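# Coordinate analysis (summary)
Spelled out, the chains give:
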Amino acid sequence: MARSIHVFFLILLVLHVLESALANKFSSFSHADECSLLFQFKESMSINKSASGDSRAYPKVSSWNLNSSDGEKSCCLWDGVECRFGHVIGLDLSSSFLYGPIYSNNSLFNLIHLRTLNLADNDFDSSQIPSEIGRLSQLANLDLSYSGLSGEVPKQISQLGNLVSLDLSSTYRLKMQSSDIQNLVQNSSETLGELFLSSVNIYYELPASIGNLTHLNILDLDGCGFTGTLPASVSNLTQLTHLSLGGNNFDRWKLPDWFGKLNKITQLDLHDVNLYGEIPSSFFNLTQVESLDLSINQLKGELSSSWLNFQNLESFYLDDNNVTANLYLFLSLKKLKTLDLSGNNITLSVIVIDSQKNGTQPQFIFIRLESCNLKVFPEFLRFQHQLEKLILDYNNIEGLIPGWMWNISTEPLTELTLSHNLLMGFEQHSPVAPWVRLQTLDLSHNMLHGEILMPPPTTEYFSVSNNNLTGGIPPSICDLLSLQLLDLSFNNIIGSIPPCLEKLSNSSLTVLNLRGNTLHETIPNIFANGSMLQFIDLSENILEGQVPRSLEDCKSLRFLVLGYNFIEDLFPSWLGVLSELQVFILRFNKFHGIIRIPSKIKVNFPALGIIDLSYNSFYGDLPHQYFLEWLAMKETKANANYMETYVDVAEIYRPISFSVQMTSKGVKLEYVKILNAFFAVDFSSNMFSGKIPESVKTLTGLQLLNLSNNELSGVIPPSMGNLIRLEAPDLSSNKLSGMIPQDLVQLNFLAFLNVSNNNLTGPIPQGKQFNTFSNDSYMGNQALCGFPLSMKCGHSKASKPPKVSSEEDTESDFPNGIDWVVILIGAMTGLVIGLVYGDYLSTKYYKWFSQRSRR
């Protein structure tokens, strides 16, 4: 026996020696060389803390050092490096703050013994994946997810025949061909167990050959843009435990019966895949499922007791469909922790749950019942003690918030949103909300009355806007030092703005919205140096005094609205230093004086896209120098993104859209969401005089220009024809003279024009958009003529719009009177001459033709 063991170990030793020898024979690089290659890779990258998003990230390569006393084995001890038999076979540099492009000559691609390469959660600066990655032919695990790579995925990746796990999940910048997927299937069908292509842009049909990857445990194709039909060959993937197909553009389809074959699935994501119809009975064979997402589809029907088959279900998303369900059906799924039925027709059982049996109910962590037509608070909530998030927005829950709500999940609850309901108040009023870890409290758009409820000190997002709250702003609100958003807008709050808000401005406050209340007195100097504020709206109050100078310390400010108050001040040109400011609204106040540009300020509102100074008492010339320096308004490229900021609550970014009230096309409008590409200047209803400066032509991105109700004189500059995106110019009620420039006809986006009540003369330009404007656009100009006015110009063409047809105008001028005599004499003379000369020629040519014929 001992001899056998001895022989066995001897064989192992021989095999080890042989493997090492073979490795050295076929290796083009020694171990020392590989260490040097790794160090070269380190040197090619920089460390940038914004390159990784994981909170646990740290710079692994910062400890790498070639001069270590460990000699040749040094790099095997480096963080993230794995060695075997004298070669580097594994490299895990995920979440390492790596930043910089990765090129084809990178030393990394010479590490040909690599079997694992993980570069996830770094930022390679939008560089492409080099084709040289194909040299790493022994790779079994490749993870390049969320690493800032872009462009086409090289075909060499699909040719790596030893892959067990491939993760290219991206941020919508990688592209892949359908043929590459087919090659990947062909080369890796015997080995591939995990395939993550989430958000890789593919935009083709999913090939049927995907069904040949029969060893797959995980298939994540979320948000790839696949079209066509889901191939039935997916039913061959019976080893799948995770399947994600959400966010693709499949043709409208029903859940097929073959889904029941995938009975090992524990996580299934089919959100937003164009599903419709009822859920087939075979679907309930997926008894192992723990997480199920069927949201944002067109499923219908009534959820039956078959759902009780999902006893392992822990999270369920069915929001935004058209199903009917009794909420209490799900109380029999004991493991259920996350439930989202938003946007469906949810009914509540009339049975009141016995408090003695509440221990048999599932204890939820997350409940979202948004837009479910609920009229009361579900009774089962009173027995929930582990809830972290409760979302009941957009229902018809009315009356008072029941007293037992103060007792649910007082320790773990972090988010409570009850917005857009019909709530009146609280059965049991408490001066401070009892949830000790609460981060988000949203009670907006209800009918709450009484004083402002104080959230706990942990609160980061607090909104009670659009209610009937009264009283003043409690000074204790200044103790919410974690607050990022404070929205008290559209209530009946009185008193002054507490000076102690400086404490919030000096911490994490990003959004301050006090719009639409009855706040009075002056705006205190509450804006601290280093403030993170991006959004300030104090409009529609009765504030007075001057604009506080401390606002210039808000270097991140993007949105400042002070309109509809009684602020009496000169134009705050010193705010020009705010290089991020995009929206600046001062309308309906008591601002006055000449707008001057201070010589000491080097930048003057470079990011400004919307400025509204209307209904004040400014006078003097228009600020032509500002027009030259407002760089953002010179942008003519379309930008479909909305102007918004983000509030980071519990590591989840909540978008906050900007809204503003402006006069557009003669109508006061509320812009609820504003595109970044929307540029507007409103200087109307002031006392500006002088000419419209030529510099206005430089604002080529401008869409709305309102200079009405001033005392402007001179002509309309023909150079305004350069404002190629202009949609709504209003120059009415001034003292403008001269003609309307023909250059304005070339403005293809023109939808509105008002030049009424001026001293304009001459014909109205015709063609394109000018053919659509009515009399109202030109009234009050005594010397204007032409279409659409009834007053015709000296030339009748000017009173009619040009015809769409390309034919010549049939209404051209005809002579009359004595002219006809001259025409007739000429015609008769020509006729006589023609007949005589024609007879001579015909005789001559007849003789010539006869002679030719005889020959």
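Structure: above.
First, a word on what this report is: a plain description of the structure on this page. Fair warning: this is a prediction, and the values are worked out from it, not measured in the lab.

With that out of the way, let us pick up the overall build of the chain. Helix and strand content of the chain: seven helices and 53 strands. Within the span of the chain, comprising 855 residues, buried residues form 52% of the whole. In the chain, the proportion of contacts linking residues at least 24 apart, taken out of those at least 6 apart, comes to 58%. Of the accessible surface of the chain, which amounts to about 39,400 Å², a share of 53% is contributed by carbon and sulfur atoms.

In a disulfide, the sulfur atoms of two cysteines are held together by a covalent bond. In this structure the tally under the stated criterion is four disulfides. Sulfur-sulfur distance for the disulfide between cysteine 35 and cysteine 75 comes to 2.0 Å. What sets the handedness of the cysteine 35 and cysteine 75 disulfide is the S-S torsion sign, and at about -60° it is left-handed. With cysteine 35 in helix H2 (residues 31-44) and cysteine 75 in the loop between strand E1 (46-47) and strand E2 (81-84), this residue pair connects regions lying 40 residues apart in the sequence.

Turning next to the pattern of salt bridges. What the rule picks out here adds up to twelve salt bridges. Between lysine 389 and glutamate 415 there is a salt bridge, with the nearest N and O atoms lying 3.9 Å from each other. On the criterion of sequence distance, the pair formed by lysine 389 in strand E22 (residues 389-391) and glutamate 415 in strand E24 (residues 415-417) is long-range, its members being 26 residues apart. Given a relative accessible area of 12%, glutamate 415 falls into the buried group.

Attention shifts here to the sheet that holds strand E51 (residues 735-738). Across the sheet, which stays open at both edges, the seven strands sit in the order E39-E41-E47-E49-E51-E52-E53 with parallel pairing between neighbours. Strands with a single pairing partner mark the edges of an open sheet, and in this sheet they are strand E39 (592-594) and strand E53 (783-785). Strand-to-strand twist of the sheet, defined as the mean angle between neighbouring strand axes without regard to direction, takes the value 20°. For E51 and strand E52 (residues 759-763), the ladder comprises two bridges, and the chain directions are parallel. Within the sheet, the bridge partner assigned to serine 737 lies in E52 and is asparagine 759.

Turning our attention to the nonpolar core. Residues Phe259 and Trp630 are the most contacted members of the largest nonpolar core, which totals 210 residues. Mapped by element, the contributors of at least two residues to this core are H2, strand E3 (87-92), helix H4 (178-188), strand E18 (322-326), strand E25 (422-426) and helix H6 (624-629). Broken down by element, this core gets its largest block of residues, four residues, from H2. Contacts of phenylalanine 259, omitting those with residues within four sequence positions, involve Leu230, Leu243, Trp253, Leu268, Leu270, Phe283 and Leu286. Within the second largest apolar cluster, 21 residues are counted, among which are Val511, Phe535, Phe658 and Ile674.

Our next topic: the sheet that holds strand E16 (residues 298-302). Pairing is parallel in the open sheet, where four strands are placed in the order E14-E16-E18-E20. Each edge of the open sheet is held by one strand with a lone partner, namely strand E14 (276-277) and strand E20 (345-347). As paired strands, E14 and E16 are joined by two bridges and run parallel to one another. Paired with glycine 277 across the two strands is leucine 299, which belongs to E16.

The next thing to look at is the packing of aromatic side chains. Aromatic rings considered in pairs are described by the distance between their centres and by the relative angle of their planes. Using the criterion set out here, one finds 33 aromatic pairs in the structure. Residues phenylalanine 250 and tryptophan 253 carry aromatic rings whose centres are separated by 6.2 Å and whose planes lie at 80° to one another, so their mutual orientation is edge-to-face. Neither residue differs from the other here; phenylalanine 250 and tryptophan 253 are each classed as buried. Across from the ring centre of tyrosine 276, 3.9 Å away, lies the NZ or CZ of arginine 252, which sits over that ring. Between lysine 673 and the ring centre of tyrosine 642, over which it is positioned, the NZ or CZ distance is 5.2 Å.

Turning our eyes to something else, we now look at unusual backbone geometry. Trans peptide bonds make up the majority, and among non-glycine residues the majority have a negative phi. The omega torsion across phenylalanine 787 and proline 788 is 5°, close enough to zero to call that bond cis. Relative to the elements of secondary structure, proline 788 occurs in the loop between E53 and helix H7 (818-854). The backbone of isoleucine 296 shows a phi angle near 55°, a positive value even though the residue is not glycine. Within the secondary structure layout, isoleucine 296 lies in the loop between strand E15 (291-293) and E16. You will see that asparagine 373, though not glycine, has its phi angle at about 60°, which is positive. Among the secondary structure elements, asparagine 373 is positioned in the loop between strand E21 (366-368) and E22.

A few words now on the side chain of arginine 515. Structurally, arginine 515 is set in the loop between strand E32 (511-513) and strand E33 (518-522). Judged by relative accessible area, which is 6%, arginine 515 ranks as buried. Within the structure, arginine 515 has its side chain in polar contact with the side chain of glutamate 540 (distance 2.8 Å). Reaching out from arginine 515, the side chain makes a polar contact with the side chain of glutamate 670 at a distance of 2.9 Å.

So, on to the pairing of E16. Two faces, one strand: in a regular strand the side chains alternate between the faces of the sheet. For E16 and E18, the ladder comprises three bridges, and the chain directions are parallel. Residue pairing across strands places glycine 301 opposite valine 323, the latter belonging to E18.

What follows is about the environment of tyrosine 619. In this structure, tyrosine 619 sits in strand E41 (residues 617-620). In this structure, the C-alpha to C-alpha distance between tyrosine 619 and histidine 592, residues 27 residues apart in sequence, is 7.1 Å. When near neighbours in sequence (up to four residues on either side) are disregarded, tyrosine 619 contacts Gly593, Ile594, Ile595, Met687 and Phe688.

Rules of the game
Residues numbered from 1 in each chain as written. Predicted model: local features only at pLDDT ≥ 70, side-chain atom pairs only at ≥ 80, totals over all residues. Heavy atoms only, no water. Helix = DSSP H or I, 4+ residues; strand = E, 2+ residues; numbered from the N terminus. Buried < 20%, exposed > 50% of the residue type's maximum accessible area, 1.4 Å probe, protein only. Contact = heavy atoms within 4.5 Å. Areas by Shrake-Rupley, 256 points an atom, 1.4 Å probe, with all protein chains shown as cover. Disulfide = S-S within 2.5 Å. Salt bridge = Lys/Arg side-chain N within 4 Å of Asp/Glu carboxyl O. Pairing = 2+ DSSP bridges. Axes fitted to C-alpha atoms, helices over the stretch in contact; angles between N-to-C directions. Core = buried A, V, L, I, M, F, W, Y, C linked by side-chain atoms within 4.5 Å. Phe/Tyr/Trp six-rings, centres within 6.5 Å; stacked < 30°, edge-to-face > 60°. Lys NZ or Arg CZ within 6 Å of the ring centre and 35° of its normal. Polar contact = N/O pair within 3.5 Å; in protein donor to acceptor, adjacent residues only side chain to side chain.

Nothing here speaks to function; it is all geometry.
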